[in-house]
Amino acid sequence: MSVLAVLEQSAGVWHRMSWEALAAAQQFAAAMGVPLNIAVTGAGASALAAEAAAKHASKVFVIEHPLLAEYTADGYTAAFEALVRALSPMLLVMPHTYRTRDFAPKLATRFGRVLIGDVVGARFEGASPVFVRQLFQGKLNADVRPAGDSPHFVSLQAGAWRADTLESGAAVVETFSPQLNAANIRQVPEAPFREAARGVDLAAAERIVSVGRGIKEKENIPVVEALAEALGAELAASRPICDAGWLPMERQVGSSGQTVAPKMYLAVGISGAIQHLVGMKGAKTIVAINKDADAPIFEVADYGIVGDLFEVVPALVEEVKKVKG
Ligand SMILES: Cc1cc2nc3c(=O)[nH]c(=O)nc-3n(C[C@H](O)[C@H](O)[C@H](O)COP(=O)(O)OP(=O)(O)OC[C@H]3O[C@@H](n4cnc5c(N)ncnc54)[C@H](O)[C@@H]3O)c2cc1C
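Residues numbered from 1 in each chain as written. Predicted model: local features only at pLDDT ≥ 70, side-chain atom pairs only at ≥ 80, totals over all residues. Heavy atoms only, no water.

Visitor: Looking at this structure, I do not really get empty space enclosed by the protein. What am I missing?
Guide: Remark: the empty space left among the atoms is shown by a probe the size of a water molecule rolled over them. A complete count under the given rule lists 1 cavity of 30 Å³ or more for this structure. There is about 70 Å³ of room inside the largest cavity. Lining the largest cavity are Val-6, Leu-7, Glu-8, Gln-9, Thr-41, Tyr-76, Phe-80, Pro-95, Arg-99, Thr-100 and Phe-103. Put simply, the parts of the chain that give the lining of the largest cavity at least two residues each are helix H3 (73-87) and helix H4 (98-110). (1 Å grid on protein atoms, 1.4 Å probe; cavity = no way out; pocket = protein on both sides within 12 Å on 5 of 7 lines; lining within 4 Å. Points joined across faces, edges and corners; volume = space filled by probe spheres on them. Helix = DSSP H or I, 4+ residues; strand = E, 2+ residues; numbered from the N terminus.)

Next comes the structure, spelled out in structure tokens:
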């Protein structure tokens, strides 16, 4: 009986959300009173194993097979199915990434279970977990108690757990070599989505400057662009800005856009509607600039500036430039 944290990496680069999932898995294993193991696969995984092994866990399983070099849903499902059958964990904990969304429901189905996806919280009734998921664009929280025999499968929303709570340790690294059959892998991998779309991965950004309807018109976007540039931040937006085509859809933050958890999120002329908040509440530090002192964004902000963004933002850019010399 154990908890298994499934970490994600691509070509030797960790997915940032992997550490959040591991931090959560450490807490779950402690609450359930069972050991924690880690699993990772794909080309480059073995080179990363030592880093994972420096975290608190019993073992790090590197799943190795030539058919796992590149991600495929069939390959990953078969590989993790073999590992789960070998280890019989009670709970698999995964980051809620695009990849997890792709293969994990199928993996869970192999065990007659469902994926409890996009979990934002957990508590324990004795050693039994109760997971919290959001419904109706974050208007309701639902408690989900895994039913039936283990294993159970959960994926965790970006920013719901903090990677800086990770505990260090010294885990043993083991190679796990599943039997895989090329004939059962139906997908042919193409270039990763991010590169093909030339898109931004806001989920990986450390700093984000996000602009809302307070900017008034498309011609004013350079005002906030200058701040993003000065801070070395990615530019993001609320939905109306993207709906209007002032910035591309891939820069939208919120329930129907991206979920982000940067170190700093600076919201400029954004009111703080619930659909926006669910996408950025995991930011470590939230700064808001809004001319309305009663705007809901100030309820989640660590620092707030009540003022006209057309005065505040250029002044801020000047100050940042001065500090940077
Ligand atoms: C199903 C559904 C899904 C949705 N998904 C998303 C989503 O993913 N992301 C998202 O963002 N929204 C989403 N929305 C929309 C959401 O409900 C809000 O309408 C939206 O977030 C509001 O954007 P805003 O804050 O930019 O605009 P507004 O709410 O219009 O706020 C503009 C703010 O700018 C301030 N302001 C105006 N002028 C200035 C100035 N000169 N200086 C400083 N401040 C100024 C105002 O005081 C105000 O607070 C969704 C809605 C629905 C129904």
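Visitor: What is the right way to look at the sheet that holds strand E15 (residues 285-290) in this model?
Guide: By way of backbone hydrogen bonds, the strands of a sheet pair with one another, either parallel or antiparallel. Taken together, 5 strands build an open sheet; the order of strands is E13-E12-E14-E15-E16 and the sheet is parallel. Since the sheet does not close on itself, it has two edges, and those belong to strand E13 (234-237) and strand E16 (303-306), each with one partner. Going from strand to strand, the sheet's axes swing by 15 degrees on average, the running direction of each strand aside. By the bridge criterion, 5 bridges tie strand E14 (residues 264-268) to E15 in an arrangement that is parallel. (Pairing = 2+ DSSP bridges. Axes fitted to C-alpha atoms, helices over the stretch in contact; angles between N-to-C directions.)

Visitor: Is there a simple way to think about the site of the ligand in this case?
Guide: Neighbouring residues of the ligand: 27 residues in total, closest Arg-213, Ser-238, Ser-256, Ser-271 and Asn-290. Here an oxygen atom of the ligand and a backbone polar atom of Gly-257 are 3.4 Å apart. The cavity that encloses the ligand is the second largest pocket. If you list the elements that add at least two residues to the shell around the ligand, you get helix H7 (239-243), helix H8 (274-280) and helix H10 (309-324). When the residues that make up the shell around the ligand are grouped by side-chain class, the tally is 6 nonpolar, 15 polar and 6 charged. (Near = heavy atom within 4 Å. Polar contact = N/O pair within 3.5 Å; in protein donor to acceptor, adjacent residues only side chain to side chain. Sits in = over half its atoms within 2 Å of the grid points. Nonpolar A, V, L, I, M, F, W, Y, C, P; charged D, E, K, R; others polar.)

Visitor: What is the right way to read the packing of H3 against H4 from this model?
Guide: Helices that pack against each other are described as a pair by the angle of their axes relative to one another and the distance between those axes. Where H3 contacts H4, the two axes come as close as 9 Å, and the packing angle between them is 50 degrees. Relative to H4, the element H3 lies oblique. When the axes of H3 and H4 are compared, the crossing they make is right-handed. Contact with H3, carried on its side by Ala-73, Asp-74, Tyr-76, Thr-77, Ala-78, Phe-80, Glu-81 and Arg-85, involves Arg-99, Asp-102, Phe-103, Lys-106, Leu-107 and Arg-110 of H4 and no other residues of that element. (Parallel < 35°, antiparallel > 145°, perpendicular 65-115°, else oblique. Left-handed = near helix turned anticlockwise from the far one by under 90°. Contact = heavy atoms within 4.5 Å.)

Visitor: Quick question: what am I supposed to make of the packing of aromatic side chains here?
Guide: Here a ring pair, both rings aromatic, is described through the centre-centre distance and the interplanar angle of the planes. Considering all chains together, one arrives at 10 aromatic pairs under this definition. One aromatic cluster is present, formed by Phe-28, Phe-124, Phe-131 and Trp-161 through successive ring pairs. (Phe/Tyr/Trp six-rings, centres within 6.5 Å; stacked < 30°, edge-to-face > 60°.)

Visitor: Just to check I follow, could you spell out H10 for this structure?
Guide: Since one α-helical turn is 3.6 residues long, residues separated by three or four positions face the same way. An ideal rise of 1.5 Å per residue puts 22 Å on 16 residues; H10 measures up with 22 Å between its terminal C-alpha atoms. Residues of H10 that are buried include every one of Leu-309, Val-312, Val-313, Val-317 and Val-320, and no others. The buried side chains of H10 occupy one side of the element, clustering within an arc of 135 degrees when seen end-on. Along H10, the residues that are exposed and aim more than 90 degrees away from the buried face are Glu-311 and Lys-322. (Expected span 1.5 Å × (residues − 1). Buried < 20%, exposed > 50% of the residue type's maximum accessible area, 1.4 Å probe, protein only. Arc of directions from axis to C-beta.)

Visitor: Explain the packing of helix H6 (residues 221-231) against H10 here, please?
Guide: Two elements in contact, H6 and H10, have axes whose closest approach is 9 Å; the angle formed by their N-to-C orientations is 25 degrees. With respect to their mutual orientation, H6 and H10 come out roughly parallel. Between H6 and H10 the crossing geometry is left-handed. Between H6 and H10, the residues in contact are Val-223, Val-224, Ala-226, Leu-227, Glu-229, Ala-230 and Leu-231 and Leu-309, Phe-310, Val-313, Pro-314, Leu-316, Val-317, Val-320 and Lys-324, respectively. Of the residues that constitute the contact of H6 with H10, the class distribution is 13 nonpolar, no polar and 2 charged.

Visitor: What exactly am I supposed to notice about the side chain of Thr-100 here?
Guide: Position of Thr-100 relative to the elements: it lies in helix H4. Taking the relative accessible area as the measure of exposure, Thr-100 reaches 2% and is therefore buried.

Visitor: Which parts of the structure should I look at to understand the environment of Gly-304?
Guide: Its location among the elements puts Gly-304 in strand E16. Taking the C-alpha atoms as reference points, Gly-304 and Leu-266, 38 residues apart in sequence, are found 9.6 Å from one another. For Gly-304, the contacting residues outside a window of four places in its chain are Ala-288 and Phe-298.

Visitor: Help me understand the side chain of Ser-2, please; the structure alone is not making it clear to me.
Guide: Mapped onto the elements of the fold, Ser-2 is located in the segment before strand E1 (3-6). Relative accessible area serves as the criterion here: at 5%, Ser-2 is assigned to the buried category. Other than its neighbours up to four places away in sequence, Ser-2 contacts Val-34, Pro-35, Asn-37, Leu-87, Pro-89, Met-90 and Leu-91.

Visitor: What exactly am I supposed to notice about the nonpolar core here?
Guide: Soluble globular proteins tend to bury their nonpolar side chains together. Judged by nonpolar contacts, the single largest core of 35 residues is most densely connected at Val-3, Val-60 and Val-93. Those elements that place two or more of their residues in this core are E1, helix H1 (17-32), strand E4 (36-41), helix H2 (45-53), strand E5 (59-63), strand E6 (91-95), strand E7 (115-125) and strand E10 (152-156). Ranked by the residues each element gives to this core, the list is headed by H1, at 9 residues. Setting aside anything within four residues of it in sequence, one finds Val-3 in contact with Ala-25, Ala-29, Met-32, Val-34, Pro-35, Leu-36, Asn-37, Leu-91 and Val-93. In this structure, Ala-237, Ile-241, Ile-289 and Leu-309 belong to the second largest nonpolar core, which totals 24 residues. (Core = buried A, V, L, I, M, F, W, Y, C linked by side-chain atoms within 4.5 Å.)

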